[in-house]
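# A look at the structure
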Amino acid sequence: MIYLTRGYLFCASHRLHSGRLSEEENWRVYGKCNNPHGHGHNYRLEVTVAGEIDSSTGMVCNLSELDSFVEQNILDRFDHAHLNRDQELFTDTVPTSENVCRAIFGIVKGGFKRAKVQKVWLGETSLNSFEYLEEADR
Amino acid sequence: MYLTRKIEFSASHYYHNPALSPEENRRIFGKCNNPNGHGHNYTLEVTVQGEPDPVTGMVLDLKELKAVLEREVMQVFDHKFINREVPGFQAKIPTTENLAVAIWGLLQPKIPQGRLHRVRLYETPDLFVDYYGEGK
């Protein structure tokens, strides 16, 4: 089995605020990330696919296909966007990097069928990073 | 305990499968199909697993590992046109995947102490592959 990892970058803003907490609790839990105006990050995304090497191409999967999938389904959606405004994902869910990482895993796993999507790693800053794998791969 | 050593080498390659038509080669491999080749600065991370020796406190002697990496990888790949100059890649496409497996094969029998755990090969900062040996 070979694990191939591809890195991407997107820049987005968010605000950490839970509708289930009071104003005071939100401020206590999220601190400056609760600023109502939002703030932004350069997110680094790494998508890992796993598989055997195709003997005809020497590849696990064609990178240009992975790139175009991620570009159309992740980067076009999140780059230079405000994550809280994403009507489908973050109306009731706080766009913490944990939740963003898991949402990206779900989108890529659900739509990219050329290889097994094994892991999504998301760096919010150079100091914070998150990774999500399915239970069986941990 | 896992110990990782990093090296860098620069080499050129191109992707072409003679069993496919020129059109198919261009469709599958895109600009990587240019027969004149193109190059990368590869970064290789070699991870060895073992217990620290009670006398030396080390998983393995880094000097010996460095010598193995120099002999088995640097002298084979650095500043070479992989398709033409590296044994095995006249008939095999030098994708990052195939290079990682080949490097595993070169290093695995030569690790002086401990056990080779992982080979991670970066073609660029945005593309790398991990190989843990056959069946893993």
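For chain B, the count of helices and strands is four helices and five strands. Along chain B, helices and strands appear, N-terminal first, in the series β-α-β-α-β-α-α-β-β. With the C-alpha coordinates aligned to their principal axes, the bounding extent of chain B is approximately 60 × 30 × 25 Å. When the 136 residues of chain B are sorted by exposure, 27% land in the buried category.

Let's shift gears to the interface of chain A and chain B. Facing 15 residues of chain A, the contacting portion of chain B comprises 19 residues. Looking at the side of chain A that touches chain B residue by residue, the classes come out as seven nonpolar, seven polar and one charged. Judged from the five bridges that link them, strand β1 (residues 2-14) of chain A and strand β5 (residues 127-131) of chain B form a sheet pairing that is antiparallel. Looking across to β5 of chain B, one finds that T5 of chain A is bridged to F128 of chain B.

Residues and elements named next belong to chain A. The contact between helix α2 (residues 63-78) and helix α3 (residues 97-111) brings their axes to 11 Å, and the two run at 135 degrees. As summarised for this structure, α2 and α3 are arranged oblique, according to the angle between their axes. Both α2 and α3 take part in a crossing whose hand is right-handed. On the side of α2, the interface is formed by F69, V70, N73 and I74, while α3 contributes I104, I107, V108 and G111. Among the residues making up the contact of α2 with α3, the classes are represented as six nonpolar, two polar and no charged.

Residues and elements named next belong to chain B. Put simply, helix α2 (residues 62-77) and helix α4 (residues 96-107) touch, their axes get as near as 10 Å, and they point 130 degrees apart. As summarised for this structure, α2 and α4 are arranged oblique, according to the angle between their axes. Read as a crossing pair, α2 and α4 show a hand that is right-handed. Two secondary-structure elements touch here, α2 through V68, E72 and V73 and α4 through I103, L106 and L107. Grouping the amino acids of the contact of α2 with α4 by side-chain chemistry returns five nonpolar, no polar and one charged.

Among soluble globular proteins, nonpolar side chains are generally buried collectively. Counting 53 residues, the largest nonpolar core has I104 of chain A together with A100 and L121 of chain B as its most contacted members. Contacts of I104 of chain A, omitting those with residues within four sequence positions, involve L45, I74, V120 and L122 of chain A.

Glancing now at the environment of P94 of chain B. Residue and element names in this part refer to chain B. Mapped onto the fold, P94 is located in the loop between α3 (82-85) and α4. Since 25 C-beta atoms lie within 10 Å of it, P94 is described here as buried. Discounting chain neighbours no more than four positions away, the residues touching P94 are H13, I82, N83, F89 and L99.

We now examine the confidence of the model for chain B. Residues of chain B with pLDDT of at least 70 account for 100%, and the chain-wide mean is 96. Listed scores for the predicted complex are pTM 0.91 and ipTM 0.86.

Rules used throughout
- Residues numbered from 1 in each chain as written.
- Chains lettered and ligands numbered in written order.
- Predicted model: local features only at pLDDT ≥ 70, side-chain atom pairs only at ≥ 80, totals over all residues.
- Helix = DSSP H or I, 4+ residues; strand = E, 2+ residues; numbered from the N terminus.
- Buried ≥ 20, exposed ≤ 12 C-beta atoms within 10 Å, placed from the backbone.
- Contact = placed C-beta atoms within 7 Å.
- Nonpolar A, V, L, I, M, F, W, Y, C, P; charged D, E, K, R; others polar.
- Pairing = 2+ DSSP bridges.
- Axes fitted to C-alpha atoms, helices over the stretch in contact; angles between N-to-C directions.
- Parallel < 35°, antiparallel > 145°, perpendicular 65-115°, else oblique.
- Left-handed = near helix turned anticlockwise from the far one by under 90°.
- Core = buried A, V, L, I, M, F, W, Y, C linked by C-beta atoms within 7 Å.
- pLDDT = per-residue confidence, 0-100.

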